[in-house]
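Inside the fold
Chain by chain, the residues:
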Amino acid sequence: MKVRTDYHTIVIGGGCLGCASAISVQRRLLRDGDDESSVCILEKNLVGSGLTARHSGIVRSANAVPVAARLAKIAADQWHSLENLWGVAASFDACGAIWIARDNGQGGNAKWDSLEQRMREMSIDFHKVDASDARAVLPHFVKLYDDELYYLEPGALQFDPTTFRNVLYKALEQNSVQMREKTEVVAFERNEDGSIAAVLTKDGDRLACSHVVNAAGPWSPAIFAPIGLSVPVSAEPVCVVNWLTSYSDIESVFPIIADYINLAYFRLWRDNEIHMHQPRKRVLRETARAFAESPLSVVGADFVNDPTNQGLGYSQIRVYEEISRHRFDNIGQSVYGSGYKSYFDITPDLKFILGPDHRVSNLVHCLGAGQAFKYTPVFGEIVADFVCGGENYAPLAAEFSIARFDQAYMNDFWERVSGIDNSLEAEAEASAL
Ligand SMILES: Cc1cc2nc3c(=O)[nH]c(=O)nc-3n(C[C@H](O)[C@H](O)[C@H](O)COP(=O)(O)OP(=O)(O)OC[C@H]3O[C@@H](n4cnc5c(N)ncnc54)[C@H](O)[C@@H]3O)c2cc1C
């Protein structure tokens, strides 16, 4: 078969978001009578080998950002009927989630109760349950305390990321998406109006296209810097540990535990392990620091793939053990099974970058901000709306345009990295709080 060198759409990056974008665009084109194989993914390593290889596979909808919650709800429904959307189904546990929050007095916590209220208004089932109800759905080795509140999200799902990689491959094949692995994008050829005429690869290929989708996560800054486009994404390290437990302890799949007292997510992992990691740091100063302290991440993210950057230190495992002991009474007898360092893709405001680039007319971004696996199917549909023209999902991306990171925003942001907010005095003040 002759290999094509011109495409309707080229997607850079074969992670979950790049694959979803390619599949959704290809299906729209086929639906509209276009010829087959007019979408191509360029992936410099292997499909699903970036951040998509090392996440926790948790899909939950409750979110303090209303439009993010709405998108998550749409995505959760789409996961259930993925076969209609992608032509292949995905397997997952419909395990639900228990969120644990601090009781700020009289059985309440205003912030969490208001989240419950907002979720109800959006038809997302996220409701407070009492300790005995929480006890009933959690395994006996989970410790509960008097000063805690519990919220149940019955619709939460959990995936096995390794199995899900296979779904990505199958769906690309099923939908005739061209997939070029081990193909690195190194440059662009531009038209007179600044739009992208062709993508150039490290192997010396020139691939012409009408549209480009950037789904290269934290590698994006390095790809677009040579043509003068800043894409503010960085990578924040996070540790992951899997504790072996006794198979006889696990009676059935138990809910994901989003523990906001110990700041950790726990889930059942491959039937006999407890998987844990801590959430993204949310303080703006810390986020800015991730950009400042990992200067490499601003121009490239290959350190993510370097095995020497994936190992865990002894003390880090001990810290996680302490946290886990607070929540589980079987961790004392548990054995460290495996662990690794992974990376959150983060933007300055921790929100996604979705939609067209205001500087290059045929470039669309699809970037996650540390919590994007769950949105995979709906993000693909959003990208397809932007590329093929559609209104079903694109309006939901309005607040995630890259245009929000204008010069004034970035000046203010960098001031937090190098300016007064990052001085020794500010440090002392913060630690005194
Ligand atoms: C520990 C941990 C737990 C997480 N748990 C969850 C969770 O439970 N639920 C959830 O929703 N999210 C979770 N996340 C977040 C989630 O992993 C990411 O948001 C998501 O995987 C991002 O996918 P992506 O497709 O954007 O990125 P990636 O999978 O990194 O894809 C980008 C791809 O671009 C490729 N690329 C880079 N440069 C080039 C180039 N020049 N040419 C061609 N290709 C290139 C890379 O090789 C890579 O494969 C977690 C993250 C971490 C770190």
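Residues numbered from 1 in each chain as written. Predicted model: local features only at pLDDT ≥ 70, side-chain atom pairs only at ≥ 80, totals over all residues. Heavy atoms only, no water.

The next thing to look at is the sheet that holds strand β12 (residues 234-244). One open sheet accounts for eight strands, arranged β5-β6-β4-β13-β14-β15-β12-β16; its pairing is mixed. Of all strands in the sheet, those with a lone pairing partner are β5 (127-129) and β16 (335-346), marking the two edges. Taken over all neighbouring pairs, the strand axes of this sheet differ in orientation by 25 degrees on average, direction set aside. Judged from the three bridges that link them, β5 and strand β6 (residues 148-153) form a sheet pairing that is antiparallel. Paired with V129 across the two strands is Y150, which belongs to β6. Where helix α10 (residues 314-327) meets the sheet, its contacts fall on β4 (97-102), β6, β12, β13 (256-259), β14 (264-269), β15 (273-277) and β16, and the angle it forms with β12 comes to roughly 60 degrees. (Pairing = 2+ DSSP bridges. Helix = DSSP H or I, 4+ residues; strand = E, 2+ residues; numbered from the N terminus. Axes fitted to C-alpha atoms, helices over the stretch in contact; angles between N-to-C directions. Contact = heavy atoms within 4.5 Å.)

Much of the literature gives interface size as the accessible area that the parts lose upon coming together. Domain boundaries in the chain define domain 1 (6-58 + 162-232 + 349-400), domain 2 (97-154) and domain 3 (234-255 + 263-346). Computed over C-alpha atoms only, the centres of domain 1 and domain 3 are separated by 28 Å. Across the boundary between the two partners, domain 1 contributes 20 residues, which contact 29 residues of domain 3. Three residues stand out in domain 1 for area buried against domain 3, namely R54, S56 and L350, and they jointly supply 34% of the buried area on that side. Here domain 1 and domain 3 share one salt bridge between them. In this structure, the salt-bridge partner of K44 is D302, at a minimum N-O distance of 2.7 Å. Linking domain 1 with domain 3 are twelve residue pairs in polar contact (both at pLDDT 80 or more), by the criterion used here. Of the residues that constitute the side of domain 1 that touches domain 3, the class distribution is nine nonpolar, nine polar and two charged. (Domains from an automatic or database assignment. Buried area = accessible area lost by both parts, 1.4 Å probe. Salt bridge = Lys/Arg side-chain N within 4 Å of Asp/Glu carboxyl O. Polar contact = N/O pair within 3.5 Å; in protein donor to acceptor, adjacent residues only side chain to side chain. Nonpolar A, V, L, I, M, F, W, Y, C, P; charged D, E, K, R; others polar.)

Now for the site of the ligand. Looking at the ligand, there are 37 residues lining it, with E43, L51, T52, I58 and K374 nearest. Take C16: an N or O atom from its main chain is 3.2 Å from an oxygen atom of the ligand. V185 is positioned such that a nitrogen or oxygen atom in its backbone is 3.0 Å from a nitrogen atom of the ligand. With the chains in place, 98% of the 1000 Å² that the ligand exposes on its own is no longer accessible. Considering every element that reaches the shell around the ligand, the biggest residue donor is β16, with four residues. Each of domain 1 (6-58 + 162-232 + 349-400) and domain 3 (234-255 + 263-346) accounts for three or more of the residues forming the shell around the ligand. (Near = heavy atom within 4 Å. Areas by Shrake-Rupley, 256 points an atom, 1.4 Å probe, with all protein chains shown as cover.)

Counted under the stated rule, the structure contains 20 salt bridges. Salt-bridge contacts for E116 lead to R120; the nearest nitrogen and oxygen are separated by 3.5 Å. In this pair, E116 and R120 both sit in helix α4 (residues 110-121), four residues apart, roughly one turn of the helix. When its relative accessible area of 11% is taken as the criterion, E116 is described as buried. A salt bridge links R180 to D205; the nearest nitrogen and oxygen atoms lie 3.2 Å apart. With a gap of 25 residues between them, R180 in strand β8 (residues 178-180) and D205 in the loop between β10 (196-201) and β11 (206-214) connect regions that are remote in the sequence. (Buried < 20%, exposed > 50% of the residue type's maximum accessible area, 1.4 Å probe, protein only.)

On to the pairing of β12. Most of β12 is tucked away: nine of the eleven residues are buried. Sheet topology note: the β12/β16 ladder contains eleven bridges and is antiparallel. Within the sheet, the bridge partner assigned to V238 lies in β16 and is S342. Across five bridges, β12 lies against β15 in antiparallel orientation.

What the rule picks out here adds up to 25 aromatic pairs. When the centroid spacing of 5.1 Å and the interplanar angle of 10 degrees are considered together, the rings of Y375 and F379 count as stacked. Taking relative accessible area as the criterion, Y375 reaches 0% and is therefore assigned buried. Overall, the relative accessible area of 0% leaves F379 in the buried class. (Phe/Tyr/Trp six-rings, centres within 6.5 Å; stacked < 30°, edge-to-face > 60°.)

Attention now moves to the packing of helix α2 (residues 66-80) against helix α11 (residues 376-388). The interhelical angle for the contact between α2 and α11, taken along N-to-C directions, is 105 degrees, at an axis separation of 7 Å. In terms of their interaxial angle, α2 and α11 are classed as roughly perpendicular. Only T376, P377, V378, F379, E381 and I382 of α11 make contact with α2, whose side of the interface consists of L71, I74, A75, Q78 and W79. (Parallel < 35°, antiparallel > 145°, perpendicular 65-115°, else oblique.)

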